[in-house]
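Remarks on the overall topology
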Amino acid sequence: EALDATGRKKRGTLDADNIRLARAQLKEAGLSPLKLDQVARQARSGSSAAAIKKNETVFITRQLATLINAGTTVEEALQAVANQMDKDRIAKALLGIRARVMEGWRLSDALGEHPKSFSSLYRGIVAAGETSGDLGGVLNRLADMLEKNRAMAMKAITALIYPAVLLIVAVLVVTGLMVGVVPKIVEQFETLNAKLPLVTRMIIGLADFMQNWGLLLFCGIIIAIIAFWRGMKVPAFKMAVDRFVLRLPLIGNLVRELDAARFGRTLSTLFASGTPLLDSLQAARRTVSNAHIDDRLGVSITAVREGASLSGGLKKGQVLPSMMIYMVAAGERSGDLPLMLDKTASHMEERFDATTTLALRLLEPAIIVGMGVAVLGIVMAIIVPILQINSYVSV
């Protein structure tokens, strides 16, 4: 609250790093402050606002790393990055973090006011950089890790788009033929009272089923998907499903190597940042998505805590690829464990990318062939009785 030149009372909010600067802004505007309070932490920091997207987080991290490595202070770096942002929500969030840093907070603690944008793992790595005194270098490694993880996720999503669209189109085409075309043709056959070929009777039966029970079947599939999704939130059910997935011939190896790559890269980043090994293992374990792998990593961490080497503990877990355990052992012998972990993660990501690319390239023609066979079956079911009728008429 403040008084203007005419003595009228005004209320409002303004952005400032602290109370003193806020009073100076009011005086410059010709206002006499009556009451000046700092807004609530949640509203000021913007933690209730929409989360910063992953690609935006990568950009912010990379820019902060570059500026801090150039000798810029943390608060100046935050101000500079905020000034580069086109979106107000990101700029306000960064300025809120800067305000906390200027009040004496550590950067990792200030980031904690935005848990949706900066995960506990992200903040833990930043805290390790602050403790080690190499915040710029740690932020660089963190940006590298975020970029590689995001690149892997984008590759998987992009590769799945075309086969998914192709499959949906194939299902819609076949369903349209079965529901819209086949019943009309059947009406013509029924007036002839002729015995229809087996393939035609099968298609007619399937078309009748889809007409009478198709909606119920569709609802059942939706209910099953929802039930499965909710079941995956139950630890015992998720553990059973994830254990089964790992036993699948091709998919199991892909899931294992993807989780191992994510675990290895995170562990490398944390350990290189100066985080103690046990803390690094606990944090890297949180990046694993498969419940069975997560459970076995708990066994590995317990073994390391009891005095085993990292490679020995991972071997005891009996879940990560043997190549990764071998590379970890080599890193322990050479004294360059982070580098070996990073190389292993990169190798596994390359294998995952190559395998999924090959599998999806084979899947696309398989879907096309499958749709062709289905359409051919429907066409044959219609043409064969027509040809038979024509032969009867000619005779």
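None of the values given here were measured: they were computed from a predicted structure. (Residues numbered from 1 in each chain as written. Predicted model: local features only at pLDDT ≥ 70, side-chain atom pairs only at ≥ 80, totals over all residues. Heavy atoms only, no water.)

This paragraph deals with the overall build of the chain. When its secondary structure is counted, the chain shows 16 helices and three strands. Along the longest, intermediate and shortest principal axes, the C-alpha atoms of the chain span 105 × 75 × 35 Å. Expressed as a percentage of the 395 residues in the chain, the buried residues total 35%. Restricting the contact set of the chain to residue pairs at least 6 apart, pairs at least 24 apart contribute 60%. Working note: accessible area of the chain is about 22500 Å², and carbon and sulfur atoms make up 62% of it. Side-chain charges in the chain split into 46 positive and 35 negative, and the spacing between the mean points of these groups amounts to 4 Å. (Helix = DSSP H or I, 4+ residues; strand = E, 2+ residues; numbered from the N terminus. Buried < 20%, exposed > 50% of the residue type's maximum accessible area, 1.4 Å probe, protein only. Contact = heavy atoms within 4.5 Å. Areas by Shrake-Rupley, 256 points an atom, 1.4 Å probe, with all protein chains shown as cover. Lys, Arg positive; Asp, Glu negative; His and termini not counted. Charge placed at Lys NZ, Arg CZ, Asp CG, Glu CD.)

Moving on: the packing of aromatic side chains. Scanning the entire structure with this criterion turns up two aromatic pairs. Judged by centre distance (5.1 Å) and plane angle (50 degrees), the rings of Phe118 and Tyr122 are tilted. We classify Phe118 as buried; its relative accessible area is 1%. The ring of Trp105 carries Arg100 above its face, with NZ or CZ at 4.8 Å from the centroid. (Phe/Tyr/Trp six-rings, centres within 6.5 Å; stacked < 30°, edge-to-face > 60°. Lys NZ or Arg CZ within 6 Å of the ring centre and 35° of its normal.)

Turning to the sheet that holds strand S1 (residues 2–3), a few remarks are in order. Taken in spatial order, the three strands of this open sheet run S2-S1-S3, and their pairing is antiparallel. Of all strands in the sheet, those with a lone pairing partner are strand S2 (9–10) and strand S3 (32–33), marking the two edges. Pairing geometry for S1 and S3, over two bridges, is antiparallel. Across the sheet, the residue bridging to Ala2 is Pro33, located in S3. (Pairing = 2+ DSSP bridges.)

The biggest cluster of nonpolar side chains holds 31 residues, and the ones touching the most others in it are Ile60, Leu94, Ile97, Leu107, Val126 and Leu139. Of all elements in the fold, only helix H3 (54–69), helix H4 (74–84), helix H5 (88–102), helix H6 (107–111), helix H7 (120–132) and helix H8 (135–190) reach the threshold of two or more residues within this core. For Ile60, the residues in contact, after removing those within four places along its chain, are Ile52, Val81, Met85, Ile90 and Leu94. With 23 residues, the next largest nonpolar core counts Ile293, Leu314, Val319 and Leu337 among its residues. (Core = buried A, V, L, I, M, F, W, Y, C linked by side-chain atoms within 4.5 Å.)

Once that is clear, we can look at the side chain of Thr266. Along the chain, the position of Thr266 falls in helix H11 (residues 251–272). A relative accessible area of 1% places Thr266 in the buried class. Beyond its immediate sequence surroundings of up to four residues, Thr266 is in contact with Leu121, Met145, Ala284 and Thr287.

Opposite charge on two side chains lets them pair, provided their charged atoms get close. Within the structure shown, the criterion is met by eleven salt bridges. Among the ionic pairs, Glu103 bridges to Arg100, the shortest N-O distance being 3.0 Å. Looking at Glu103, the relative accessible area reads 36%, which means it is partly exposed. In this structure, the salt-bridge partner of Glu113 is Arg100, at a minimum N-O distance of 3.3 Å. Here Arg100 lies in helix H5 and Glu113 lies in the loop between H6 and H7, a separation of 13 residues in the sequence. Each member of the salt-bridge network shares a partner with another, and the members are Arg62, Asp144 and Glu147. (Salt bridge = Lys/Arg side-chain N within 4 Å of Asp/Glu carboxyl O.)

A word on the environment of Ile223. Among the structural elements, Ile223 can be located in helix H9 (residues 198–231). Sequence separation of Ile223 and Leu341 is 118 residues, and the distance between their C-alpha atoms is 42 Å.

A positive phi is found at Gln318, a non-glycine position, where the angle reads about 55 degrees. Checked against the element boundaries, Gln318 lands in the loop between helix H14 (310–317) and helix H15 (322–334). Using a relative accessible area of 66% as the deciding quantity, one classes Gln318 as exposed.

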